[in-house]
Amino acid sequence: MGSRQPAIYLAFLSVAFSPSLALAQAGWQSCPVPEPFNTPSPRPKTLEPVAVYVEADDAVFQEKGTSVMQGKAHISQEDKRLEADEATYDNQTGQVTGKGNVKFSSGNLKVKSQALNFNLKNNTGEIDNAQYDFAQTQARGKSKRLVQVDADRTYLEKSTYSACPWETPDWSIGAERIELNKKTERGVARKASLNIRNKPVVRVPYLSFPLSDKRQSGFLWPEIGTSSNNGFTIGTPYYFNLAPNYDATVAPTVLTKRGIQLKSEYRYLSKKHRATINTEYLAHDRQTDKNNRYYYNIKESTVINKHSSVHLNAEGVSDDKYFVDLGSSLAATSKVNLEKRLEYVNRGDNWAFSGTMQDYQILDGGTRPHAKTPQLNFKYKPKLKNPNSVKFETEAEDTNFTGKSGAINRERVDVATRVSKKYSDAAGSMYVKPALSARHTEYVLDDGDKTHLRRSVPTASIDAGVILDRNIRKGKLVQTLEPRVFYTHTPYRNQNAIPVFDSSERSLGFNQLFSENRFTGKDRISDPNHLTVAATTRIQNPVKGQELLHASVGQVFHFADRRVTLPGSTSQQGKRSELVFDAGGQVNERTQVSATTYWDTTKNTFTAGEARVRYKDPKQRILNVGYTERKGDFRAGNASVAFPVKKGWQAVGAVEQDLLNNRNLETVVGAEYQTCCWKSRVVTPNYLLPDNTNRDNAVLVEFELKGLGNFGSGARDLLQNRVYGYE
């Protein structure tokens, strides 16, 4: 399971945080840490690790008793090393002392002080006025007195803890006493405070925290934000580490304009089960005077055995205005439906069976799709002995549809079989692939007459192509030319009496040029009699196995009208489809481009297109630009950027614009400041609500203290969603 990061919560007496977890987060700079030892160790490399090595400018050595050293004293054993102006060593007890410019290291611990008393044999001792650094967790601080009670327990008196440099820490945790227990992997700080620039801003009498990356129960950092819809928002998440394989987070959240909302997340993971349940509940919404407003999202997968599994995805809200009122972004408020889906899957080597229950909650007032209660599907596809063997596949499906009261519902049974064979040369550079298929569908309707409908349709197609290639750039790159033709024919069947349960017309794209059916689902089978002519060229780097560029062009030539239509549509009569151009690639290691254009060759005019450019360099400069248009219907553009302004500062922003109606859909403006031990983000999303009139404006503020997690709202999540490549 993913790890949680318990952190200080400012308003409670008993709190918890996890430094080691937070330090595992990526993207942090390394704070400079002075090396306590300026010179290499004089210890001979051939000496056994368990042997104690002693060296000084002036020394009196005692075989039995205490040896005294003065001037550049050095004592080392295994991973322990001590250097001081003066030092003593008792060979029998293993006791060492150091005075003046004491430098000591043991494992991941590095210490500088003026006095030390330590036992090498049992790892106990005291260090006064210590500056310490734990290399493993990148934590450091100062302690008036550091006491190593035994191998498992360490006490620090009047000490500080921080991930910032020693000299001027931007933040630190101060405490009268800190107790670290390696055995229990927990630490306790008493009379603690959170300090900013060495000035206490929050005091807590008791602070508990883990010493490892194991999950721990405790308060997480508060979530803070504000918006014109909800007012000021503050959440107080508490994390429950219930067991190694399941946990929960509960977050009471105050929305000043609406009331108190309770958010929760439950996660479960085992060898055969995985589940995440998210819920939100608002007992009374003062803004709308609605009661019992809720949201839930359940994702669960269960592996029954190596062949079968069960999957549940269910999402729902109390009312269709939930996201409009309580959402925090354009993506949230633009949701139009929520799916509930329960699926059983059983797979063999060459077959698969599934049983599905599916329904939708509609949020925009549109027509509710028919629910599938259930849908049973079986597919059989034998493995090929070789690529040119006869390929046989069949699919059978039985679906029971239910919908709104008064709608035509009931059962649909569909069986489809397809046979194809690929003929190609040994190199695979030329191929011809003929295919034959047949589909039979039956309907039993609940229209009062219990109408029984049947439809049988055959389809034939042939796909052929050539792949030519040549070396360019003195053999460093390979360019291909791939002409391709595709013919398909399905005889016309009058399907006007067949209800539409789940069919819709596919959008034209380059891949759709090679499809036998222009409809989704099973309720409409198109009647194509057309030839597709297309060509693709690619530029590839054979050493890296990387495609640098691809460009394709294709068009469909129709030999008959397309008479099969959806209800309310008329037959299509054009002789040619739009000419489709599709291109994309990686211009260099920093830049990616893609574009698709549709051209009406009859009217010699542009009809639709989209283009995207994405740029990101090692300096984290990001630029994304996109444009989409369907002539006469919509025209939209979007852009997002992230770039460093000066040392530590980064500007971030995104905009989405309806160019056809000259209106802004969403604008996100943000700034981020980062040092080696803390980050801060401020993000202001402003977006158009679904009524196309009102807007919501929010301010999200977030702080991340290295080693203590983040404090604030979901500013980072919003930026990652809106700025492609932002980390």
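Further up the page is the structure itself.
Each chain has its residues counted from 1, running along the sequence as written. The predicted nature of this model means local features are confined to residues of pLDDT at least 70 and side-chain atom pairs, given and counted, to a pLDDT of 80 or more, with totals for whole chains, interfaces and linings taken over all residues. Based on all heavy atoms of the structure, the side-chain values leave hydrogens and waters out of the count.

**Quick notes on the packing of aromatic side chains**
No. 1: Classification of ring pairs rests on two measures: the distance between centres of Phe, Tyr or Trp rings, Trp counted by its six-membered ring, which must be within 6.5 Å, and the angle between planes, read as stacked under 30 degrees, edge-to-face over 60 and tilted in between. Under the defined criterion, the tally for this structure stands at 19 aromatic pairs.
No. 2: Relative to tyrosine 322, the ring of tyrosine 295 has its centre 6.3 Å away and its plane inclined at 20 degrees; by these criteria the two rings are stacked. Here tyrosine 295, found in strand S21 (residues 290-303), pairs with tyrosine 322, found in helix H2 (residues 322-326); they are 27 residues apart in sequence, far enough to count as distant. No difference in accessibility class separates tyrosine 295 from tyrosine 322, as the two residues are buried.
No. 3: Each residue in the set Tyr246, Tyr266 and Tyr268 is aromatic and connected to the rest through ring pairs, giving one cluster. The helix and strand labels rest on DSSP assignments: H or I over at least four residues marks a helix, E over at least two residues marks a strand, and numbering proceeds from the N terminus. Only protein chains enter the calculation, and the probe is 1.4 Å; a residue is then buried if its accessible area is under 20% of its type maximum, exposed if over 50%, and partly exposed in between.

**Observations regarding the environment of glutamate 610**
No. 1: Structurally, the position occupied by glutamate 610 is in strand S37 (residues 605-616).
No. 2: Sequence separation between glutamate 610 and threonine 596 is 14 residues; the distance between their C-alpha atoms is 5.3 Å.
No. 3: In this analysis, two residues are considered to be in contact whenever any of their non-hydrogen atoms come within 4.5 Å of each other. Non-local contacts of glutamate 610, meaning those with residues more than four positions away in its chain, are made with Ser594, Ala595, Thr596, Tyr627 and Thr628.

**Quick notes on the nonpolar core**
No. 1: The biggest cluster of nonpolar side chains holds 40 residues, and the ones touching the most others in it are Ile75, Val96, Leu116 and Trp171.
No. 2: Considering every element that reaches this core, the biggest residue donor is strand S11 (residues 171-181), with 5 residues.
No. 3: Setting aside its immediate chain neighbours within four residues, valine 96 contacts Ile75, Leu82, Thr88, Tyr89, Leu116, Asn117, Phe118 and Leu120. What makes a nonpolar core is a set of buried Ala, Val, Leu, Ile, Met, Phe, Trp, Tyr and Cys residues whose side-chain atoms join them at distances within 4.5 Å.

**With respect to the pairing of S21**
No. 1: One ladder, built from 12 bridges, connects strand S20 (residues 273-285) with S21; its direction is antiparallel. Looking across to S21, one finds that glutamate 280 is bridged to tyrosine 295.
No. 2: Where S21 lies against strand S22 (residues 308-317), 9 bridges are found, and the strand directions are antiparallel. Each residue of the ladder has a partner; that of lysine 299, found in S22, is asparagine 313.
No. 3: Any two strands with at least two DSSP bridges between them are considered paired. Here S21 folds back onto S22, and the loop between the two strands holds 4 residues.

**Observations regarding helix H4 (residues 715-722)**
No. 1: Where H4 is concerned, the buried positions are Ala715, Leu718, Leu719 and Arg722. All buried residues of H4 fall inside an arc of 95 degrees around its axis, so they share one side. In H4, the exposed residues that point more than 90 degrees away from the buried face are Asp717 and Asn721.
No. 2: Of the surrounding secondary structure, the elements contacted by the buried residues of H4 are helix H3 (330-333), strand S39 (634-646), strand S40 (649-658), strand S41 (663-674), strand S42 (678-688) and strand S43 (695-705). To be clear, the arc concerns the directions from the helix axis to the C-beta atoms.

**Remarks on the pattern of salt bridges**
No. 1: Whenever a carboxyl oxygen of Asp or Glu lies within 4 Å of a side-chain nitrogen of Lys or Arg, that contact is scored as a salt bridge. Following the criterion strictly, the structure yields 41 salt bridges and no others.
No. 2: Two residues, arginine 439 and aspartate 414, come together in a salt bridge whose shortest N-O distance is 2.5 Å. One end of the pair, arginine 439, is in strand S29 (residues 430-445); the other, aspartate 414, is in strand S27 (residues 410-421), with 25 residues separating them in the sequence.
No. 3: In this structure, glutamate 505 and arginine 518 form a salt bridge, with 3.2 Å as the shortest nitrogen-oxygen distance. Separated by 13 residues along the polypeptide, glutamate 505 in the loop between strand S32 (477-489) and strand S33 (529-541) and arginine 518 in the loop between S32 and S33 bring together distant segments of the chain.
No. 4: Since its relative accessible area comes to 38%, glutamate 505 is described here as partly exposed.

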